[in-house]
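Chain residues, written in single-letter form:
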Amino acid sequence: MATDTEVLVLGGGSTGCGIARDLAMRGLEVTLVERGNLTDGTTGRMHGLLHSGGRYAVSDQASATECIEENEILRDIAGHCVEETGGLFVQLPDDSDDYFREKLEGCRDCNIPARVLSGREAREIEPYLTPDIERAIEVPDGAVDPFRLCVANAVDAEAHGARIETHAEVIDLLRDGADVYGVDVRHDSGPGKRRHAAPGSTEEITAEYVVNATGAWAGQIAAMADLEVAVRPSKGVMTIMNVRQVDTVINRCRPKGDADIVVPHETTAILGTTDEEVSDPDDYPEAQWEVDQVIDTLADLVPILEEARTIRSFWGVRPLYEPPGTATQDPTDITRDFFLLDHAERDGVSGLSSIVGGKFTTYRAMAEEISDHVCGKLGVDATCATAEEPLPGSENLAVLEDGMDEFGLRSPVARRSKQRLGSRASDVLETDDANPVLCACEGVTRAEVRDAIQQSGTDLNAVRIRTRASMGNCQGGFCSQLLATELHPEYDEATARSALDELFQERWKGQRHALWGEQLSQAMVTYALHATTMNRDRDPAASDGSLEYGAFDDGEVR
Amino acid sequence: MSETDHPPDDGATEDRSSDEFEPIQVFPEAEAMDLRPGADNCYKCSTCDTNCPVAEVDDEFPGPKFQGPEQWRLKRQDDHDVDESVMKCSNCMRCDSACPSEVPLSQMHNTARGEYIEERMSRFSREYLRNRLLANYRRLAPLAATFPRTANFVMGLSVTQWLGEKTLGITSERELPDFATETFREWWTERGGPAVESEAKQIAYFHGCYANYNTPEVAKALVRVYEHFGYEIMIPEQDCSGTPMFANGMLEDARRAAETNVAELAAALEDGADIVASCSSCSMSIRQEYPELFDFEGTAEVAANTWDALEYLRVHEDLEAELADASLEGDEYDEFAYHAPCHARNQGLDGQTVDVLEAIDGVEAEDVGDSCSGISGTYGWKAENYETSMKIGAAMFEHMEGAEAEQGLTECPTCSMQMGHGTGYEITHTLEILEAALVGDAGAA
């Protein structure tokens, strides 16, 4: 099978989806391929901070300025993905006054609104902050849902004619002499929406221009065409707490350091992070001490964290890059700026650019710059509209806020559902059918789950990132089977079963790093529930042998 | 937040020295309490839901797991839209005892209910006025007690009951309780205070509203029984325990009442008395709800030194030996159908009454099971809850009728109303039996 497109984007993270949307809106024909689900690489493995720029206000003012500009744009175009939490840079007694002053001045230099709060004022905003706090700088940090934002970009790209293929792994980057002209991909279950158990296939996709937006994997992709991109992947751990101990982003006000941020994220709080270089972005150690260290260090800022329940931990890999010859030793010193590597200029190979470095908050600006570059290469004259055009779900949000319609749902469920769906809320939630809550932890109803299945086929992890179903404290123990049931009867039982297994496995992966205290109890309850009510420890349906029904008696006759 | 909202604040770095440490009131209002961390304890086993008497009979009620940990976990600091279903919770607090993981369920419900009333219920609605009235029965009772016969006559009129239902939403199915012609406190003053004086053995009696205005015979029984054991009894000034106020989300009313009670009871403790209560909801409130919801000085000490009246005697006296020689003749005391109130159950006291009465010759008390009576204080008085209340009570009524006895026994005033309402039986308080067994008619002076 072979197809042709104008621009081929590799990688379904924030950068790739941002580029696909931008180019599609400019009228280009775009195809995007992603190895797993959207966000599966680094985008889905970040702490969800929408930077105000305050974090870079001392060390990297160019990045800081770009952050505050993009921060303001995303509040407008992606309101349903952003929570305007505000952020605090908190100074503890050991933290330097000089740095505090530099931070404040840096914010002002970069036009980041900043004001100083006394320790008492900061504790009025966040009662669980340590009483030791000296003072704090308040900045407009926010929380952003990377899943929702990335999906909204992909959905809008599709609406503008783009083709988005997930579960389509690049197995070869096609090069003819000094020209890259396409890729071979392997579809896990055929092209189109994911469908478990459908046979896989390969496809050759040729394109006038290829954009390698695979981040930490950019080196591996480039190597397929004998090109070298020296990405320096750097891992960081993030730990998810069961509840929000804070409703404001809390940063420690001191020079770079591990474990210095708590981000309220939806129903949870995410603690981050560490920074350690790894050689392979797909295979690196995930050590318990990293989790312990993050919790211990952040408990200095928010003491209640010491005793609080952790529901899972995950590691993300930053796509750090620095130009050849810089040779920075410590990964924390490597710039967070992004680099557009035009392989024509760099290696004399046309038809391909690679994007490395960069950060989530500025994904749109990166996409704009890369799209300008691609348009230049293809001789297309079209301007970027992504800074003004709201993403699907973020149109007319003010109307939604005023709307009192709770769609027959209980107040907190209606509120959270509307926040997730934004302006799509009435389309999705207005239904004559019964609309029970399927995921009670996150307040996700059947209507929202069905809407996600419509978008993504049998992939329940794709349903998860769209709805948050199974992302709460039971980690899918009570709801994953209900989600799988929604696949039936459109999909058959075997398909629903393997979709369930896949979701359940993914949920377990992160929980392994939280198995103490209450989450251990949770895992035990989940195990007992699944083993005793669904036979999932020794499921006869999962074995090849046929079941001997005759061996069952009729039960006791009463 | 935009730049214009928070202009850079140039003076701020310099005035740091003026920022002296002051302890801050983290939770200025009970309503502002952040109970989200309590959701950490929940692993969703749903034992609370299976023990909830309201959820058992009302499919529309989402149950304590939703009301408590799930709703709190979904909450953000600025959210103030507690779901209205919290008003269907009867505050029986069974979920607290059912939970294997110490989720502060009733604390979550009480706080959410307070917030619901504060943010979502109109001060002018019939429901608010009715709830305020029911919660503050204590404020009306003195008036009725001044003219008890008139009050009883008026309240007994069917036209009054009809008006109560139509205008206030108080069910006309129930008969309002009679007011005593002489309150307990009037009797106590008339009597000249304590008949026994003791340095070593002192108790402060929290009689609550009902024993004062409606069933002074219960309060008098406590006095005679405790005096029989040589206790000097103090009757401190007291306000409502707060139970009906918590259940109606009137946290500010409850706070005011609790402040008086804690101050008075703490003073009694200071004087060397322990605190006893004859009503199981009063003791529950002081022991559990006060420390969960308030932080007046002395709250913890008062909570730790408050006892149920029977429990206190079982611990401090050899009640069994004392009762070994006691016997009660006649049908009057022969058989009782005993119901343990939820609030006694939550204090771990559900077995004690049957145990104690077993020691008295001629008295049989049969436990009618662990179901909830369904009235839960003011809950079953509301027209919209009446049916639910009776459905919950059905199991208890059935067990009472199945028992040998033709009369009932309990320690909770409203359970007693429900037992009488459902079966037509006379309902007695356990202290009245102890009084008869230990003091007999001789005490009735």
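- The name an unreviewed UniProt entry assigns to chain B is Anaerobic glycerol-3-phosphate dehydrogenase subunit C, from the organism Salinadaptatus halalkaliphilus.

- With an unreviewed UniProt entry as reference, chain A is termed glycerol-3-phosphate dehydrogenase, source organism Salinadaptatus halalkaliphilus.
- In UniProt, chain A has this text filed under Sequence similarities (unreviewed entry): "Belongs to the FAD-dependent glycerol-3-phosphate dehydrogenase family."
- Taken verbatim from the UniProt record of chain A, the Pathway (unreviewed entry) comment is "Polyol metabolism; glycerol degradation via glycerol kinase pathway; glycerone phosphate from sn-glycerol 3-phosphate (anaerobic route): step 1/1."

**Let's talk about the overall build of chain A**
Then step 1. Check the secondary structure of chain A and you find 17 helices and 22 strands.
Then step 2. For chain A, the C-alpha radius of gyration of 24 Å lies close to 24 Å, the compact-globule estimate for 558 residues.
Then step 3. When its C-alpha atoms are laid out on the principal axes, chain A stretches across 85 × 65 × 45 Å.
Then step 4. Residues classed as buried in chain A amount to 56% of the 558 residues present.
Then step 5. Of all intrachain contacts in chain A linking residues separated by at least 6 positions in sequence, the fraction that spans at least 24 positions is 71%.

**What to know about the interface of chain A and chain B**
Then step 1. Tallying the contact residues gives 42 residues for chain A and 37 residues for chain B.
Then step 2. Elements with a contribution of two residues or more to the side of chain A that touches chain B: α3 (97-109), β6 (115-118), α4 (119-125), β7 (135-139), α11 (411-421) and α17 (517-534) of chain A.
Then step 3. When its residues are assigned to classes, the side of chain A that touches chain B shows 15 nonpolar, eleven polar and 16 charged.

**Considerations on the UniProt feature "domain: BFD-like [2Fe-2S]-binding" (unreviewed entry) in chain A**
Then step 1. On the UniProt side, "domain: BFD-like [2Fe-2S]-binding" (unreviewed entry) is annotated at positions that read residues 438-481 of chain A here.
Then step 2. Helix makes up 48% of residues 438-481 of chain A and strand 9%, with an end-to-end C-alpha separation of 10 Å.

**Details of the domain arrangement of chain A**
Residues and elements named next belong to chain A.
Then step 1. Each assigned domain of chain A is listed here: domain 1 (2-42 + 147-230 + 336-378), domain 2 (82-143 + 235-315) and domain 3 (397-541).
Then step 2. Put simply, the middle of domain 2 and the middle of domain 3, counted by C-alpha atoms, are 29 Å apart.
Then step 3. Looking at which element gives the most residues to the side of domain 2 that touches domain 3, the answer is strand β18 (residues 310-321), with five residues.
Then step 4. In terms of residue class, the side of domain 2 that touches domain 3 is made up of three nonpolar, five polar and four charged.

**Observations concerning the environment of A213 of chain A**
Residue and element names in this part refer to chain A.
Then step 1. Tracing the backbone shows A213 in the loop between β12 (201-212) and α6 (218-223).
Then step 2. When the C-alpha atoms of A213 and L10 are compared, they prove to be 5.4 Å apart, with 203 residues separating the residues in sequence.
Then step 3. With near-sequence residues (within four places) excluded, A213 lies in contact with V9, L10, G11, G13, T15, G16, I19 and I355.

**With respect to the sheet that holds strand β4 (residues 82-83) of chain A**
All names here are of chain A.
Then step 1. Overall, antiparallel pairing links the three strands, which are arranged β3-β8-β4 in an open sheet. Edge positions in the sheet fall to β3 (49-50) and β4, since each has one partner strand and no second.
Then step 2. Note: β4 against strand β8 (residues 142-144), two bridges, orientation antiparallel. Bridging across to β8, V82 finds its partner in V144.

**Digging into the domain arrangement of chain B**
It is common to give the size of an interface as the accessible area that goes away when the parts come together.
All names here are of chain B.
Then step 1. Each assigned domain of chain B is listed with its residue range as follows: domain 1 (30-120) and domain 2 (323-437).
Then step 2. A straight line from the C-alpha centre of domain 1 to that of domain 2 covers 28 Å.
Then step 3. Listed by partner, the interface residues are eleven residues for domain 1 and eleven residues for domain 2.
Then step 4. Breaking the side of domain 1 that touches domain 2 down by element, the ones donating at least two residues are α2 (53-57) and α4 (94-98).

**Considerations on the packing of helix α1 (residues 14-25) of chain A against helix α5 (residues 146-159) of chain A**
Residues and elements named next belong to chain A.
Then step 1. Interhelical geometry of α1 versus α5 gives an angle of 30 degrees and a closest axis separation of 8 Å. Regarding the angle of α1 to α5, the classification is roughly parallel. Crossing of α1 over α5 shows left-handed handedness. Judged by residue contacts, S14, C17, G18, A20, R21 and A24 of α1 engage P146, L149, C150, N153, A154, D156 and A157 from α5.
Then step 2. Taken together, the residues that form the contact of α1 with α5 break down as eight nonpolar, three polar and two charged.

Cut-offs and rules
- Residues numbered from 1 in each chain as written.
- Chains lettered and ligands numbered in written order.
- Predicted model: local features only at pLDDT ≥ 70, side-chain atom pairs only at ≥ 80, totals over all residues.
- UniProt positions renumbered as here; feature names shortened; annotations may be inferred.
- Helix = DSSP H or I, 4+ residues; strand = E, 2+ residues; numbered from the N terminus.
- Rg over C-alpha atoms; globule rule 2.2 N^0.38 Å.
- Buried ≥ 20, exposed ≤ 12 C-beta atoms within 10 Å, placed from the backbone.
- Contact = placed C-beta atoms within 7 Å.
- Nonpolar A, V, L, I, M, F, W, Y, C, P; charged D, E, K, R; others polar.
- Domains from an automatic or database assignment.
- Pairing = 2+ DSSP bridges.
- Axes fitted to C-alpha atoms, helices over the stretch in contact; angles between N-to-C directions.
- Parallel < 35°, antiparallel > 145°, perpendicular 65-115°, else oblique.
- Left-handed = near helix turned anticlockwise from the far one by under 90°.

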